Amino acid sequence: MLNIFYGNMPEAIFNTSVYFKNSYEDSWITDSFAREMILDVDQSVVLDSAVIDSPVMGKIAPVTLSGGVKTLILIKNVPDKIFNASVCGDNCAKWILKLAEHSDITINLRHLMDFGDGCFDIRILNTDQIVHSMKELVPIAGLYV
Amino acid sequence: MIRDSIVFIDEGNDFVMTDEFAAVIQSTDNYYVIVTREGIPSLPYSVNEIYGIRNSGKYGTIKRTYNEFYHLYATEDFRQSVKPQKVITEDSNSGYQFFENVCKNNGEVNCVSAQGKSNIFAKVVENPNEKILVIADGAAFGSEMDKLMKYIQDHPVVTLYLPESFEWLILRSGLLEDNSIRELLNQPENLIASETYFSWERYFTAQLIEKTKGSYLQYTKRQLNPVYLQNRVKDKILEGMNWIEL
């Protein structure tokens with residue numbers, strides 16, 4: 001289940017790039033799920049734990065990945081922390097939903113991420129309501145961002 | 001202190017959300033480019049000044065995201081009028097007093113004030129099946145646009161009308177016989193000193209107050225001069241909104 005707290009959340013990790021830089025592990029980059037996310041979100045290919053081939057910037061280190069994909073990697077690998085996912089664009093939404101298929105995850109959002117036209121299960125922690133579509137989500141979450 | 005500069009602030013800096021940041025930049029003469037997905041309610045930025053960054057080849061290009069009329073087609077393409085059941089205004093001062101009078105004369109349209117832009121979303125979602133027209137100051141409404149846009153996608157009964165401000169509507173109406181108003185409206189960016197006016201809404205208010213001072217059209221923000229409710233004057237202001245049936 002995906003749990004989202006909308007709005008200011010002091011206990012959430014706000015600056016995910018700094019957190020990532022200080023804590024990432026090599027295995028987080030080379031795991032198959034991460035490779036898929038990096039390819040899809042950043043159009044980049046993981047060559048090894050320290051080198052990613054980016055079409056825009058050439059050979060880069062993991063810390064130079066986009067803020068969105070770094071946040072996704074953190075969400076997957078640090079489940080006891082709540083991360084600010086508002087550095088993620090809408091292109092990360094499907095990956096957040098996929099991560100939540102396998103386990104309960106909680107994120108903080110300070111904007112209305114678009115989870116698409118499909119059906120999903122999201123618990124809005126502000127009101128403890130479960131919503132299944134953007135049509136249900138927006139009128140509730142919009143009151144908190 | 002940075003002066004007369006364009007200041008870029010990348011995402012991940014939460015100080016931009018604070019009232020302290022707004023207070024500090026209010027009296028500066030810089031331009032600020034702030035990268036964020038969040039609305040910033042403490043800053044009065046225009047709906048016209050929100051840009052998306054679209055990737056194109058090796059370098060991104062910046063494309064303006066919002067137009068003055070959201071959910072309304074461009075005037076020349078407009079095919080049907082808007083006939084609301086309820087009007088929600090942003091303010092509770094002269095603008096609300098004007099539209100409340102217009103709606104009362106109509107008899108069928110209810111007009112309410114949201115008492116501030118940050119309350120408009122809550123007022124809109126209260127009645128999901130009602131045909132609602134939101135009238136708010138486009139010059140300072142930027143922070144509210146994203147959630148309203150997303151709501152309107154599934155609730156097309158809601159329409160936004162976002163002129164720069166109510167004072168801008170009066171200036172545009174032609175009621176004031178002042179040649180300088182044309183330049184003021186066409187190219188305000190050439191006239192507005194950013195360290196004096198935090199938003200274009202404040203500039204247009206100041207201009208209207210100054211240009212009507214001592215005349216029968218004397219304007220104050222808090223209490224609407226009754227002359228603006230006379231039919232001839234009212235109709236001139238509403239002329240620019242003739243696709244909205246009020």
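Residues numbered from 1 in each chain as written. Chains lettered and ligands numbered in written order. Predicted model: local features only at pLDDT ≥ 70, side-chain atom pairs only at ≥ 80, totals over all residues. Heavy atoms only, no water.

**Quick notes on the overall build of chain A**
Alright, step 1. Helix and strand counts for chain A come out as 6 helices and 8 strands.
Alright, step 2. Each helix and strand of chain A, placed in order from N terminus to C terminus, yields the pattern β-α-α-α-β-β-β-α-β-α-β-β-β-α.
Alright, step 3. Taken over C-alpha atoms, the radius of gyration comes to 15 Å for chain A, in line with the 15 Å a tight globule of 145 residues would show.
Alright, step 4. The C-alpha extent of chain A, read off along each of the three principal axes, is 45 × 30 × 25 Å.
Alright, step 5. In chain A, 56% of the contacts between residues at least 6 apart in sequence involve partners at least 24 apart. (Helix = DSSP H or I, 4+ residues; strand = E, 2+ residues; numbered from the N terminus. Rg over C-alpha atoms; globule rule 2.2 N^0.38 Å. Contact = heavy atoms within 4.5 Å.)

**A word on the interface of chain B and chain A**
Alright, step 1. Contacts between chain B and chain A engage 16 residues on the former and 18 residues on the latter.
Alright, step 2. Here chain B and chain A share an interface that buries about 1500 Å² over both sides, 63% of which is from carbon and sulfur atoms.
Alright, step 3. The largest per-residue losses of area from chain B upon contact with chain A belong to Arg37, Glu38 and Lys150 of chain B, which jointly make up 36% of the total buried on that side.
Alright, step 4. Across the chain B-chain A interface, the total number found is 0 salt bridges.
Alright, step 5. Across the chain B-chain A interface, the total number found is 7 residue pairs in polar contact (both at pLDDT 80 or more).
Alright, step 6. Sorting the residues of the side of chain B that touches chain A by element identifies helix 3 (120-125) and helix 4 (145-154) of chain B as the ones contributing at least two each.
Alright, step 7. Per-element tally for the side of chain B that touches chain A: the top contributor is helix 4 of chain B, with 5 residues.
Alright, step 8. A breakdown of the residues in the side of chain B that touches chain A according to their chemical character gives 4 nonpolar, 3 polar and 9 charged. (Buried area = accessible area lost by both parts, 1.4 Å probe. Salt bridge = Lys/Arg side-chain N within 4 Å of Asp/Glu carboxyl O. Polar contact = N/O pair within 3.5 Å; in protein donor to acceptor, adjacent residues only side chain to side chain. Nonpolar A, V, L, I, M, F, W, Y, C, P; charged D, E, K, R; others polar.)

**Things to note about the sheet that holds strand 8 (residues 129-131) of chain A**
All names here are of chain A.
Alright, step 1. Ordered in space as 5-6-1-7-8, the 5 strands form an open sheet in which the pairing is mixed. The sheet is open, and its two borders are formed by strand 5 (83-84) and strand 8, each paired with just one other strand.
Alright, step 2. Across 5 bridges, the pairing between strand 1 (residues 2-6) and strand 6 (residues 105-109) is parallel. Bridge pairing in strand 6 places Phe5 opposite Asn108.
Alright, step 3. Here helix 5 (residues 93-102) sits on the sheet and contacts strand 1, strand 6 and strand 7 (122-124); the angle it forms with strand 6, its principal contact strand, is near 150 degrees. (Pairing = 2+ DSSP bridges. Axes fitted to C-alpha atoms, helices over the stretch in contact; angles between N-to-C directions.)

**Remarks on the pattern of salt bridges**
Alright, step 1. Inspection of the entire model under this criterion finds 15 salt bridges over all chains.
Alright, step 2. A salt bridge links Lys59 of chain A to Asp53 of chain A; the shortest N-O distance between them is 3.6 Å.
Alright, step 3. We note a salt bridge from Glu100 of chain B to Lys104 of chain B, for which the minimum N-O separation is 3.9 Å. Placement of the pair is Glu100 of chain B and Lys104 of chain B together in helix 2 (residues 94-106), with a separation of 4 residues, close to one helical turn.
Alright, step 4. With a relative accessible area of 58%, Lys104 of chain B lands in the exposed category.
Alright, step 5. Beyond isolated ion pairs, a larger network of salt bridges with shared partners links Lys83, Glu108 and Glu245 of chain B. (Buried < 20%, exposed > 50% of the residue type's maximum accessible area, 1.4 Å probe, protein only.)

**Concerning the domain arrangement of chain B**
All names here are of chain B.
Alright, step 1. Its domain assignment divides chain B into domain 1 (6-71) and domain 2 (75-246).
Alright, step 2. Facing 23 residues of domain 1, the contacting portion of domain 2 comprises 29 residues.
Alright, step 3. Both faces combined, the contact of domain 1 with domain 2 buries some 2100 Å², and carbon together with sulfur accounts for 60% of it.
Alright, step 4. At the surface where domain 1 touches domain 2, the tally comes to 0 salt bridges.
Alright, step 5. When grouped by side-chain class, the residues that make up the side of domain 1 that touches domain 2 number 12 nonpolar, 9 polar and 2 charged. (Domains from an automatic or database assignment.)

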